[in-house]
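Here is how the chains run, residue by residue.
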Amino acid sequence: MNYTDYLRLNELKIFKNVRNSLPKGLTKSTNLLTVKDGVLYTWDFANNCVLTLNVKAARSREGDNVSHQNLLPLLPVLFQPEFLVANDTGTLLIVAGSSGILVMELPARYPPYGAFENNKDVVYCKSHSLDERLLFCSEVIKVRRVRFHPGSPKNAHILVLTSDNTLRLYAIENSTAISLAAYQIGETPLGVFPGTKTSYLAAFGEVGVDFDFGQPELDLDTKSLFIKEKNFSSLVWPVYVLRGDGSVYTINIPADQKTKPTVTGPLPRNTRQDPQEEACSIICLNTNPEVVCIANSNGTIYHSTLLPIEEEEYAKLKSETPNTPQKELLCFESIELELGLSTTTEDNAYTCPIFLHKDESRPGRYFATHSAGIHSVSITCLKDLQIYINGSTENQPMDDIFNQESKAEYLVCTKTSASENTNPIIGFALYYEPTSLIAILADGNLLSLGILTAEILPTIEELEVEDKKGDVPSPLKKMLRDPFDHNIQKLLRRSSNQPILKLGGEGKHSQKECYELLQRASQVFREYFENHARAREEIEKRVKALQMMKEFQLKQIDNMNAEKHALREKAENLAEKYEDIKDKQDEMMKRCEKLLVVVSQKGAEPSDSEKEYLKELELYRDKIEKYKTSIEKLKMKVKYQKIQIANWKAQEERKVSQMSETHSNTIKNNLKETSEKIQEMVKELNEYKERLHLK
């Protein structure tokens, strides 16, 4: 795989068409490439249309079935395109140049490959030309920057900065382009230098050159754009406008046009810009606190934090100037980009416009494109700064945070400092599946480079261990405590890097220039080799240390296994002894219980309950005696009755006359009652015997 074509896009037909349609002699850096939601858009100079391709579908397994499409606007493009801008929802695409703006309405995308209008080769798009007569016919008013308003509910509001110090707001509603408002951000240029199109104000840097939207803020004076309740505050999107002299003005432009915004500025800065420097680009990073990056045409980029002004100072400034802004720019760092690969020690005086691009995968990184190549800039202090703002490290001073230098890496070089030949970047976009950059050069070369989304591998937070007093830290422990990848990264850190060379001039370079390039590359790679040698030594030391620790830990494991077996045997013996002791203890408990019973029985004096129980037993005994005597008497009576009955029967048998029926019934009843009483007394006697356990 080609190391300069990470996504393997050169094989696709769309870029072959772009390569064949590029005009010769392009010397100005533009941006005719954009990627939104995995869909790539670029410009076809031969057919004056937009070429589009679903990169994600083209790189899939069924990529052979995916082809690019031609988006043909219904209105002709009468100007030279310089920028392509797509909104986040993929419904509008802006084709902008210095002399015109064309907005194309994109049709819906359909499966299976996410193509427009069922994958037709040519798709006709309804188009709108914004202020065509003003921009195309005027030789003074030129388009400087075009962006979509992030506060637009339908992503259909467009903000345009023109060279007459005016911000113009447009909206695409019901397939119609509407000019909503125009906001003056400074004096209107009246005169130009003879024989040129440069105004006097532009020569002195008093004309806006770029703008960007900041993070949304709460406005307590107006209603919300998205929340209809009156008690809620609204979101406003501040617009930061950069002038050529480096001053920054701010204006809050709402998308609903309910309030009239006012321009405030310039924002106070703690550094002054050199009058010879010309500012050309500004971006606001999505960080907290908000970081503003301002690029100058000589390669200098200023990093500033956007902070609110203190109340006392703001009141003082407000009394002097009514349009005093509420925020200020505190510059904490400036970096110098190498515009063209320097092969000699002479100063590089080359200047060109620089365009800054945000990296949505990492808020602290952005890219700079220009006629001399592509730079990647990483602001290393942002992570610690955000931790400090959140209050996690209150003891860390602010100076230690801002002492961390940012990293600027020269990725692609298209010009040498000793040569006038340029190969400018005419298209740049970031693709996030996976994270990579795509760039088109003026000679038709396409670059797609993979980008790391993280600086280093994720580190595990170490526990803070308080060292005991008098303990001397071990060098081995200290070495193992520090993250190894940090040490290797420090060793591999280099002061300069060797970019990918894509020089212009159609390969016609002098031998001296080639020799100087070879010398520089040799010097840079020699530094690489030295750093790699030191990293190899460090890795070998770490391997030896880890091997020693491994041997020591293996010995400890063997000793621990032996101790484990010994402890297991001891545990088994102790378990057997425990069972024996437990059995003996149970026997002793039973004997103690018996002894307690015997002792309680042989006590000299009974307890109160025992005395009461004895009294009850005596009462029952007396009753039993009475019952016994009464039972004996009853038995005697029964015996006497039986004898009397027997005598009576004998006498009756002797008598001839019989008893009357009345007498016989009376006698039967008496005997029956007597037998029932006897049976009841016998039952009571048996019950008492059972209670007293006499049986």
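Caption draft 1: Quick peek at the overall build of the protein. Each helix and strand in the protein was counted, giving 12 helices and 32 strands. Within the protein, buried positions represent 39% of all 695 residues. Summing over all exposed atoms, the protein offers an accessible surface of approximately 43,500 Å²; the carbon and sulfur share of this is 51%.

Caption draft 2: Main features of a negative patch on the surface. Together, Glu569, Glu572, Glu576, Glu579, Asp580, Asp583, Asp586 and Glu587 make up a region of like negative charge exposed at the surface. With respect to the helices, strands and loops of the structure, glutamate 569 is situated in helix H10 (residues 511–601).

Caption draft 3: Up close: the packing of aromatic side chains. Tallying each qualifying case throughout the model produces four aromatic pairs. Between phenylalanine 367 and phenylalanine 428 the ring centres are 5.7 Å apart and the planes differ by 45 degrees, which places this aromatic pair in the tilted class. In this pair, phenylalanine 367 sits in strand S26 (residues 365–370) while phenylalanine 428 sits in strand S29 (residues 425–432), placing the two residues 61 residues apart along the sequence. Of the two residues, phenylalanine 367 and phenylalanine 428, both sit in the buried class. Note on tyrosine 627 and tyrosine 688: the rings are 4.8 Å apart at their centroids and 25 degrees apart in plane angle, and the pair reads as stacked. Of this pair, tyrosine 627 sits in helix H11 (residues 608–654) while tyrosine 688 is found in helix H12 (residues 661–692), placing the two residues 61 residues apart along the sequence.

Caption draft 4: The sheet that holds strand S30 (residues 435–441), seen in detail. The strand order S29-S30-S31 describes an open sheet built from three strands, whose pairing is antiparallel. Sheet topology places S29 and strand S31 (446–450) at the edges, where each strand pairs with a single neighbour. Strand-to-strand twist across the sheet, computed as the mean angle between neighbouring axes with direction ignored, equals 15 degrees. Bridge analysis of S30 against S31 gives five bridges, and the strand direction is antiparallel.

Caption draft 5: Up close: unusual backbone geometry. With omega at 0 degrees, the peptide bond leading from glycine 265 into proline 266 counts as cis. Secondary-structure assignment places proline 266 in the loop between strand S20 (248–252) and strand S21 (279–285). Cis geometry marks the peptide bond from asparagine 288 to proline 289, where omega comes out at 5 degrees. Tracing the sequence through the fold places proline 289 in the loop between S21 and strand S22 (291–296). Backbone geometry places aspartate 37, a non-glycine residue, at a positive phi of 55 degrees. Considering the arrangement of structural elements, one finds aspartate 37 in the loop between strand S1 (33–36) and strand S2 (39–44). For aspartate 37, a relative accessible area of 63% gives the class exposed.

Caption draft 6: Highlighting the packing of H11 against H12. Two numbers describe how H11 lies on H12: the axes approach to 10 Å, and their chain directions differ by 150 degrees. In this view, H11 runs roughly antiparallel relative to H12, as classed from their interaxial angle. Crossing of H11 over H12 shows left-handed handedness. Along its contact with H11, which presents Tyr620, Ile624, Tyr627, Ser630, Ile631, Leu634, Val638, Ile645 and Trp648, the element H12 presents Ile667, Leu671, Ile678, Met681, Leu685, Tyr688 and Leu692.

Caption draft 7: Representation of the pattern of salt bridges. If you walk through the whole model with that rule in mind, you get 12 salt bridges. The partner of glutamate 117 in a salt bridge is lysine 120, with the nearest N and O atoms 3.9 Å apart. Linked through salt bridges whose partners overlap, the residues forming this network are Arg145, Arg147, Asp210, Asp212 and Lys358.

Caption draft 8: Seen up close, the pairing of strand S19 (residues 238–243). With six of six residues buried, S19 is to be regarded as a mostly interior element. What you see with S19 is no split at all: Pro238, Tyr240 and Leu242 on one side and Val239, Val241 and Arg243 on the other are buried throughout. Inspection of the sheet shows strand S16 (residues 208–213) paired to S19 by five bridges, in the antiparallel sense. Residue pairing across strands places glycine 208 opposite arginine 243, the latter belonging to S19. One ladder, built from five bridges, connects S19 with S20; its direction is antiparallel. Each bridged residue has a counterpart across the sheet, and for valine 241 the counterpart in S20 is tyrosine 249. The turn linking S19 back onto S20 is made up of four residues, and glycine 246 within it adopts a positive phi angle of 90 degrees.

Caption draft 9: View of the side chain of glutamate 82. Along the chain, glutamate 82 falls in the loop between strand S4 (69–73) and strand S5 (83–86). By relative accessible area, which is 10% here, glutamate 82 ends up buried. At 3.1 Å, the side chain of glutamate 82 and the side chain of lysine 28 are in polar contact. Filtering out sequence-adjacent residues up to four positions away, glutamate 82 remains in contact with Lys28, Thr30, Asn31, Leu32, Ala96, Gly97 and Ser98.

Caption draft 10: Structural detail: the confidence of the model for the protein. Per-residue confidence for the protein averages 83 on the pLDDT scale, and 86% of its residues sit at or above 70. Looking across the protein, the model is least confident in helix H8 (residues 475–481), with a mean pLDDT of 56, and most confident in strand S6 (residues 92–97), with 96. Contacts of residues 222–233 to residues separated by more than four positions or lying in other chains number 20 contacts, the stretch itself having pLDDT below 50.

Caption draft 11: The sheet that holds S4, seen in detail. Taken together, the five strands give an open sheet; going across it, the order is S1-S2-S3-S4-S10, and neighbouring strands pair in mixed fashion. Edge positions in the open sheet fall to S1 and strand S10 (122–125), since each of these has one partner strand only. Across the sheet, the mean angle separating the axes of adjacent strands is 25 degrees when strand polarity is ignored. With three bridges connecting them, strand S3 (residues 49–54) and S4 associate as antiparallel partners. Bridging from a neighbouring strand, threonine 52 pairs with glutamine 69 of S4. Across the sheet, helix H1 (residues 13–21) is in contact with S2 and S3; its angle to S2 comes to roughly 25 degrees.

Caption draft 12: Up close: the environment of asparagine 165. Considering the arrangement of structural elements, one finds asparagine 165 in the loop between strand S13 (157–162) and strand S14 (166–173). Using a relative accessible area of 0% as the deciding quantity, one classes asparagine 165 as buried. Between the C-alpha atoms of asparagine 165 and tyrosine 183, which are 18 residues apart in sequence, the distance is 8.5 Å. Beyond its immediate sequence surroundings of up to four residues, asparagine 165 is in contact with Tyr183, Gln184, Ile185, Gly186, Glu187, Glu206, Val207 and Gly208.

Caption draft 13: Representation of the nonpolar core. Ranked by internal contacts, the top residues of the largest apolar core, which has 43 residues, are Leu40, Tyr41, Trp43, Val50, Leu71, Val95 and Ile438. Discounting chain neighbours no more than four positions away, the residues touching leucine 71 are Tyr41, Cys49, Val50, Thr52, Met104, Leu106, Phe116, Val123 and Cys125. Listed in part, the 28 residues of the second largest apolar core include Ile283, Ala295, Ile354 and Leu356.

Caption draft 14: How the structure looks around the environment of lysine 28. When you line up the elements, lysine 28 lands in the loop between H1 and S1. In this structure the C-alpha to C-alpha distance between lysine 28 and isoleucine 425, which are 397 residues apart in sequence, comes to 8.1 Å. Those residues within four positions of lysine 28 in sequence are excluded, and the remaining contacts are Glu82, Pro424 and Ile426.

Caption draft 15: The state of the cysteines, seen in detail. Taken as a whole and judged by the stated rule, the model has zero disulfides. For the unlinked cysteine cysteine 49, the closest cysteine sulfur is that of cysteine 125, found at 9.8 Å. Free of any disulfide, cysteine 284 has its nearest neighbouring cysteine sulfur in cysteine 293, separated by 8.4 Å.

What counts as what
- Residues numbered from 1 in each chain as written.
- Predicted model: local features only at pLDDT ≥ 70, side-chain atom pairs only at ≥ 80, totals over all residues.
- Heavy atoms only, no water.
- Helix = DSSP H or I, 4+ residues; strand = E, 2+ residues; numbered from the N terminus.
- Buried < 20%, exposed > 50% of the residue type's maximum accessible area, 1.4 Å probe, protein only.
- Areas by Shrake-Rupley, 256 points an atom, 1.4 Å probe, with all protein chains shown as cover.
- Patch = residues over 30% accessible without salt bridge, like charges linked within 9 Å, V, L, I, M, F, W, Y side chains within 5 Å.
- Salt bridge = Lys/Arg side-chain N within 4 Å of Asp/Glu carboxyl O.
- Lys, Arg positive; Asp, Glu negative; His and termini not counted.
- Charge placed at Lys NZ, Arg CZ, Asp CG, Glu CD.
- Phe/Tyr/Trp six-rings, centres within 6.5 Å; stacked < 30°, edge-to-face > 60°.
- Pairing = 2+ DSSP bridges.
- Axes fitted to C-alpha atoms, helices over the stretch in contact; angles between N-to-C directions.
- Parallel < 35°, antiparallel > 145°, perpendicular 65-115°, else oblique.
- Left-handed = near helix turned anticlockwise from the far one by under 90°.
- Contact = heavy atoms within 4.5 Å.
- Polar contact = N/O pair within 3.5 Å; in protein donor to acceptor, adjacent residues only side chain to side chain.
- pLDDT = per-residue confidence, 0-100.
- Core = buried A, V, L, I, M, F, W, Y, C linked by side-chain atoms within 4.5 Å.
- Disulfide = S-S within 2.5 Å.

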